[in-house]
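Observations on the model geometry
Here is what each chain is made of, one letter per residue.
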Amino acid sequence: MYILASHGDYAKQTLKSCEMITGELTNFATVSFKDPMGIDDVVKCYEDIYQGRQDSAEEVVIIADIPNGTPANAASTFIAEHPDVKLYSGLSLMLTLSLATGTPAEEAISQTIELMESNIKKKPKKQPAAPNKETAPVNTDNPLVNVRIDSRLIHGQVATMWTRSLNTTRIMVVDDQIVTSKVQKATLKTAVPAGIHLSILTAKGAAERINSGQYNGQRVLLLVKKPQILAQLVSAGVKLPAVNVGNMSMSQGARQVAKSVAVTDEDTATFNQMAEKGIDFYHQMVPNDKQEPFISMLNKKEN
């Protein structure tokens with residue numbers, strides 16, 4: 001069985017297009033990741049399909065749209081409990097059609113790559129230009145170039161857009177629970193872009209290292225799932241720049257205040273308490289989006 005997984009309905013529409021050629025495919029299923037879903041929601045989708053297949057001995061292969069995206073990261077978490085499942089990234093109609101006609105996954109991927117390259121005229125590779133250091137000034141006073149609340153932590157937007165936009169040299173994930181989870185740490189290590197350092201720390205450990213100047217001279221993107229972690233850092237003396245509330249997944253008792261942000265009463269109280277201390281919050285999904293003042297958005301939705 002093949003599970004096609006993507007941001008939005010790309011997987012569903014890819015399968016639909018393939019079936020226009022092949023007819024109905026009963027050994028394919030799709031997972032559509034949409035806001036405000038979180039990783040746990042996507043894992044549950046995989047689990048439901050896995051448990052619901054008719055032949056329990058049938059091999060299960062997940063084809064995600066992009067590496068480091070939430071569908072792929074959730075698949076890595078799922079596979080930790082189901083090591084018999086295989087994961088690949090690079091979903092396309094060409095690949096789906098090859099799989100649908102009986103080509104084994106690895107062979108189908110190789111064929112797809114060959115077909116993509118067949119019409120490309122080979123040219124000498126150019127040496128990459130040396131980075132312009134003037135575009136990435138080092139802040140020796142505070143290594144935190146961006147603080148982002150994102151329940152998905154390292155995923156497609158962070159790995160491919162924010163790290164480049166910020167010229168990030170290190171991603172710091174602060175979460176007391178993840179520090180104790182081998183599976184979640186392994187998933188994050190897989191998702192971090194090449195050439196960027198990764199730190200996974202408790203709030204206490206992060207505060208000690210930041211305050212001691214251990215990361216001075218680096219460009220650190222700090223990621224947390226919830227505002228309560230940031231409140232712990234502030235209490236420990238960490239100076240935060242303006243905080244980007246990028247994504248908070250829907251949970252029990254939460255209300256949606258933006259397309260990708262859902263907050264509980266506890267979250268709301270924490271945000272307002274930190275704002276009273278002079279910490280600025282804004283909402284911005286991707287670098288090209290306009291920054292929106294988050295506290296006014298938060299409290300406007302309450303009224």
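An account of the accompanying structure is given in this report.

Another point: the pattern of salt bridges. One pass over the full model with this rule turns up 6 salt bridges. For K44, the salt bridge identified is with D48, shortest N-O distance 3.0 Å. Note that K44 and D48 are positioned in helix α2 (residues 39-52) at a spacing of 4 residues, about one turn of the helix. D48 gets classed as partly exposed once you look at its relative accessible area, which sits at 45%. K226 is paired through a salt bridge with D267; the nearest N and O atoms lie 2.8 Å apart. Residue K226 is located in the loop between β8 (220-224) and α9 (227-235), and its partner D267 is located in helix α10 (residues 265-276); the two are separated by 41 residues in the primary sequence. With relative accessibility at 31%, the residue K226 sits in the partly exposed group.

With that settled, the discussion passes to the pairing of strand β5 (residues 144-150). With respect to burial, β5 is a largely interior element, 6 of its 7 residues being buried. Summarising the sheet, β5 and strand β9 (residues 243-247) pair through 4 bridges and their orientation is parallel. Directly across from I149, in β9, lies its bridge partner V245.

This paragraph deals with the packing of helix α4 (residues 93-100) against helix α5 (residues 105-117). Relative orientation of the contacting elements α4 and α5 amounts to 140°, with a least axis distance of 9 Å. Taken together, the axes of α4 and α5 are oblique relative to one another. α5 is crossed by α4, and the crossing has right-handed handedness. Residues M94, L95, S98 and L99 of α4 lie in contact with α5, whose contacting residues are A105, A108, I109, Q111, T112, L115 and M116. Across the contact of α4 with α5, the residue classes tally to 8 nonpolar, 3 polar and no charged.

Attention shifts here to α9. P227, Q228, I229, L230 and L233 are the residues of α9 that are buried. Each element contacted by the buried residues of α9 is listed here: β5, β6 (170-174), α8 (203-211), β8, β9 and α10. Immediately beyond the C-terminal end of α9, within one or two residues, lies G237, with a positive phi of roughly 95°.

Generally speaking, soluble globular proteins have nonpolar side chains that are buried together. Grouped together as the largest cluster of nonpolar side chains are 34 residues, with contacts concentrated most on M172, L222, L230, L240, F271, F281 and F294. Sequence-distant contacts of L222, that is, excluding residues within four places in its chain, are made with L144, N146, V147, R148, M172, V174, L230, L233 and L240. With 20 residues, the next largest nonpolar core counts M1, I3, I49 and I62 among its residues.

How each quantity is defined
- Residues numbered from 1 in each chain as written.
- Predicted model: local features only at pLDDT ≥ 70, side-chain atom pairs only at ≥ 80, totals over all residues.
- Heavy atoms only, no water.
- Salt bridge = Lys/Arg side-chain N within 4 Å of Asp/Glu carboxyl O.
- Helix = DSSP H or I, 4+ residues; strand = E, 2+ residues; numbered from the N terminus.
- Buried < 20%, exposed > 50% of the residue type's maximum accessible area, 1.4 Å probe, protein only.
- Pairing = 2+ DSSP bridges.
- Axes fitted to C-alpha atoms, helices over the stretch in contact; angles between N-to-C directions.
- Parallel < 35°, antiparallel > 145°, perpendicular 65-115°, else oblique.
- Left-handed = near helix turned anticlockwise from the far one by under 90°.
- Contact = heavy atoms within 4.5 Å.
- Nonpolar A, V, L, I, M, F, W, Y, C, P; charged D, E, K, R; others polar.
- Core = buried A, V, L, I, M, F, W, Y, C linked by side-chain atoms within 4.5 Å.

What is shown is where atoms sit, not what they do.
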